[in-house]
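# Structural characterization, general
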Amino acid sequence: MNWDDDPTDSPAAEPPAGAAAERLVGSVADREDQAVEAALRPKDLDEFIGQEKVREQLDLVLRAARARGATADHVLLSGAPGLGKTTLSMIIAAEMGAPIRITSGPAIQHAGDLAAILSSLQEGEVLFLDEIHRMSRPAEEMLYMAMEDFRVDVIVGKGPGATAIPLELPPFTLVGATTRAGLLPPPLRDRFGFTAHMEFYEPVELERVIHRSAHLLDVGIEPEGAAEIAGRSRGTPRIANRLLRRVRDYAQVKADGFITREIAGAALKVYEVDGRGLDRLDRGVLEALLKLFAGGPVGLSTLAVAVGEERETVEEVAEPFLVREGLLARTPRGRVATPAAWAHLGLTPPGTGPAGNGQQDLFGT
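Thresholds applied
Residues numbered from 1 in each chain as written. Predicted model: local features only at pLDDT ≥ 70, side-chain atom pairs only at ≥ 80, totals over all residues. Heavy atoms only, no water. Helix = DSSP H or I, 4+ residues; strand = E, 2+ residues; numbered from the N terminus. Buried < 20%, exposed > 50% of the residue type's maximum accessible area, 1.4 Å probe, protein only. Contact = heavy atoms within 4.5 Å. Areas by Shrake-Rupley, 256 points an atom, 1.4 Å probe, with all protein chains shown as cover. Pairing = 2+ DSSP bridges. Axes fitted to C-alpha atoms, helices over the stretch in contact; angles between N-to-C directions. pLDDT = per-residue confidence, 0-100. Salt bridge = Lys/Arg side-chain N within 4 Å of Asp/Glu carboxyl O.

A tally of helices and strands in the protein chain yields 14 helices and nine strands. Of all 365 residues assigned to the protein chain, the portion counted as buried reaches 47%. Restricting to contacts in the protein chain with at least 6 residues of sequence separation, those with at least 24 account for 72%. For the protein chain, the accessible area works out to roughly 17100 Å², and carbon and sulfur atoms hold 52% of it.

Another point: the sheet that holds strand β2 (residues 100-104). The five strands lie next to each other as β2-β3-β6-β1-β7, forming an open sheet whose pairing is parallel. Of all the strands in the sheet, just β2 and β7 (194-197) have a single pairing partner and so form its edges. Ignoring which end each strand starts from, the neighbouring axes of this sheet average 15 degrees apart. Alignment of β2 against strand β3 (residues 126-130), held across five bridges, turns out to be parallel. Looking at β3, one finds that S104 is bridged to D130.

Of the residues making up helix α8 (residues 223-230), those classed as buried are G225, A226, E228, I229 and A230. Elements that come into contact with the buried residues of α8 comprise α7 (203-216), α9 (237-254) and α10 (261-270).

Turning our attention to the confidence of the model for the protein chain. Considering every residue of the protein chain, the mean pLDDT works out to 82; 84% of them sit at 70 or more. Residue range residues 1-21 is modelled with pLDDT below 50. Its contacts to residues more than four positions away, or to other chains, number 73 contacts. Predicted confidence is poor over residues 355-365, with pLDDT under 50, and the contacts of this stretch with residues over four places away or in other chains come to five contacts.

Our focus in this paragraph is the pattern of salt bridges. Under the definition given, this model contains 17 salt bridges. With a closest N to O distance of 2.5 Å, E228 and R232 form a salt bridge. For the pair shown, E228 and R232 are each scored as buried. Here R276 and E325 are joined by a salt bridge, their closest N and O atoms 3.2 Å apart. Placement of R276 in the loop between α10 and α11 (280-292) and of E325 in the loop between α13 (311-324) and β8 (328-331) is noted, with a sequence separation of 49 residues between them.

If you want it as structure tokens, here you go:
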């Protein structure tokens, strides 16, 4: 099992507003996720499931550093939330036999905040900086020198009398994680010796994740039950774990505690997660687009009003998965539903009914 964990003392991302904050298929970890993930997180690369290329490349980097008796190169991990960036940072520290310090970009608002962290690092220590793209610009510029020369200049005093005091740092490994790699300035990105992009998981990989987690949680599950959960997990281990826990609850209350395909399907129907991983918000967006606007195109603000959600919630929470699933397209004229969206909701696109003339009359019949 592998996924990210947002440290409780350093928020990595702004929580979504409205109904999105409590989504069962949301990829941002809540406190319950953090507690469970701590117990399920793999301890080394051999135990880490998925991300085969990243694992192979990272294993070479770490093995070579250990052979040289040196600290590992700085590592940049990018990808969607819940794919394993925090887990990999902890594995890097474990493989190097070094302690790890965890913080986040939003927690570092001043250069002095970063200087305080860097000056207290031990030799070889791993510093994990989550959501690194959200760090303040002064701190970011200080980080350039720290990564390259293991030195920072601390400014003492103000105005003409200010003095820069160089502070030598012990060699350390910075592991940066970001969900938006495009926002990183090139000078910072270029200072990482190894960069990796975390991909979404295939269903077969998520099945392995679910079986491992079920074993650690002491939950009985058949292969078909794991496949049912994996198919609704949006390619994200964190979501797979969350769905597994909810299905476990249902199985304990409504059945004998053993998870079958039927039990998994019935449980996720209760929680309104359909066969493709869409929840109430996702289906609400599609239904409004199809039933109220005949599949579009329609503007984002109009669509958000029709759904009863904020514009940002529709754009940043619902749309990315719908676009990735090929159910919705963003065009210059607005949002447009694809044929797959009509098929998924069991609706017929306008103009393809029995009349077959490709046109609608005044009343849409």
